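Summary of structural features
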Amino acid sequence: MDITAIHQIFLTCTSVTTDSRNCPQGSLFIALKGESFNGNAFAARALESGSAYAIVDEEAYAPAGDTRYIVVENSLKTLQQLANYHRRQMRTPIIGITGTNGKTTTKELMSTVLSQTHNVLYTLGNLNNHIGVPLTLLRLRPEHDLAVVEIAEPDYGIITNVGKAHLEGFGSFEGIIKTKGEMYDYLRTRKEATIFIHNDNPYLKKIAYGLHQIAYGSEDGLYINGHVTGNSPYLTFEWKTDNESKYHEVQTRLIGEYNFPNAL
């Protein structure tokens, strides 16, 4: 069954789940595997618990003639392809976030602010991995104005920072810059793509060439500029736009001056 046909089945379902202990009525269960578990073995339980369909990648767990089972080559790959296809069908503007740290905090702050005037979909908690991101995208509905997701192919992008604090898995600082900069590389292929850039970070400025930039930082003249006014223990700061003369004061519930760029 191709991804288009699977998507049509998905549209008839109430939600998507990968947890057989949580199968809302009419949901689509996708059987994933891990080092110590095999979701295929729980497909029958998921259907008994309320799921309308189950995607499995081992035929032994799909009884012959039972159309509720959808057998695919790789369930995880199907989840990712389905999410990508659904995202493209919905055409919802997406703000993508990446960086060596600050992603979850920035995502929560951005989503909270944007939700004041828009219907925003965003990643729940820190589910920003190869499973959580597809599950978030499959929650997209026509009523959503935009989405804030840790995703590689967004319409708008923000790299929170690139620093040397998290080298594990990247090999070198240059590896971090290359990996995180892939978002910028992708956005250069899109017309009228926009990035939000922390102007105080020289590494980001160096790799942001050729992109429409909305800059924020501590320097005057930026679209948004500001400075820290207190940090005992909660961060307070002032900010204004480049065409304003008066600063707006913000009292956060965030601890640590390192959160200033995230909040700004």
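It should be noted that the structure appears before, not after, this text.
Below is a short write-up of the structure.

Conventions adopted
- Residues numbered from 1 in each chain as written.
- Predicted model: local features only at pLDDT ≥ 70, side-chain atom pairs only at ≥ 80, totals over all residues.
- Heavy atoms only, no water.
- Pairing = 2+ DSSP bridges.
- Helix = DSSP H or I, 4+ residues; strand = E, 2+ residues; numbered from the N terminus.
- Axes fitted to C-alpha atoms, helices over the stretch in contact; angles between N-to-C directions.
- Core = buried A, V, L, I, M, F, W, Y, C linked by side-chain atoms within 4.5 Å.
- Buried < 20%, exposed > 50% of the residue type's maximum accessible area, 1.4 Å probe, protein only.
- Contact = heavy atoms within 4.5 Å.
- Arc of directions from axis to C-beta.
- Salt bridge = Lys/Arg side-chain N within 4 Å of Asp/Glu carboxyl O.

1. Quick look at the sheet that holds strand 11 (residues 224–231)
- One open sheet accounts for nine strands, arranged 6-7-5-8-9-10-11-12-13; its pairing is mixed. Lying at the two open borders of the sheet, with one neighbouring strand each, are strand 6 (120–122) and strand 13 (248–255). Across the sheet, the mean angle separating the axes of adjacent strands is 20° when strand polarity is ignored.
- As paired strands, strand 6 and strand 7 (residues 146–149) are joined by three bridges and run parallel to one another. Directly across from Leu-121, in strand 7, lies its bridge partner Ala-147.

2. Focus on unusual backbone geometry
- Pro-233 follows Ser-232 through a cis peptide bond whose omega is -5°.
- Position of Pro-233 among the secondary structure elements: in the loop between strand 11 and strand 12 (234–241).
- With a phi close to 60°, Glu-192 is a non-glycine residue in the positive phi region.
- Note on placement: Glu-192 falls in the loop between helix 7 (182–187) and strand 9 (194–198).

3. A look at the environment of Ser-36
- In this structure, Ser-36 sits in the loop between strand 2 (28–30) and helix 2 (43–49).
- Linking Ser-36 and Asn-84, residues 48 residues apart in sequence, is a C-alpha distance of 27 Å.

4. Considering the nonpolar core
- If you look at the biggest cluster of nonpolar residues, it comprises 23 residues, and the most contacted ones within it are Leu-28, Ile-30, Ile-55, Leu-137, Leu-138 and Val-149.
- Elements supplying a minimum of two residues to this core: helix 1 (3–11), strand 2, helix 3 (75–90), helix 5 (132–137) and strand 7.
- Look past the residues within four positions of Leu-138 in its chain and what remains in contact with it is Phe-10, Val-16, Leu-79, Leu-82, Ala-83 and His-86.
- Ile-159, Val-162, Ile-176 and Leu-204 belong to the second largest nonpolar core, which has 18 residues in total.

5. Thoughts on the pairing of strand 7
- Burial along strand 7 is two-sided: Leu-146 and Val-148 and Ala-147 and Val-149, pointing in opposite directions, are all buried.
- For strand 5 (residues 94–98) and strand 7, the ladder comprises three bridges, and the chain directions are parallel. Paired with Gly-96 across the strands is Val-149, a residue of strand 7.

6. Describing helix 1
- If you check which residues of helix 1 are buried, you get Ile-6, His-7, Ile-9 and Phe-10. The buried residues of helix 1 occupy an angular sector of 160° when the element is viewed end-on, so they sit on one face.
- Structurally, helix 1 contributes buried residues whose contacts are with strand 1 (16–17), strand 2, strand 3 (53–56), strand 4 (69–71) and helix 3.

7. Section: the pattern of salt bridges
- Summed over the entire model, instances satisfying the criterion amount to nine salt bridges.
- Arg-21 is paired through a salt bridge with Asp-19; the nearest N and O atoms lie 3.0 Å apart.
- By relative accessible area, which is 72% here, Arg-21 ends up exposed.
- Under the relative-accessibility criterion, Asp-19 is labelled partly exposed at 26%.
- Note that Lys-107 is salt-bridged to Glu-108, the shortest N-O span being 2.8 Å.

8. Considering the side chain of Ser-75
- With respect to the helices and strands, the residue Ser-75 is situated in helix 3.
- Contact partners of Ser-75, with chain neighbours within four places excluded, come to Ile-30, Ala-31, Leu-32, Ile-55, Val-56 and Asp-57.

By themselves, these are just geometric observations and shouldn't be taken as functional.
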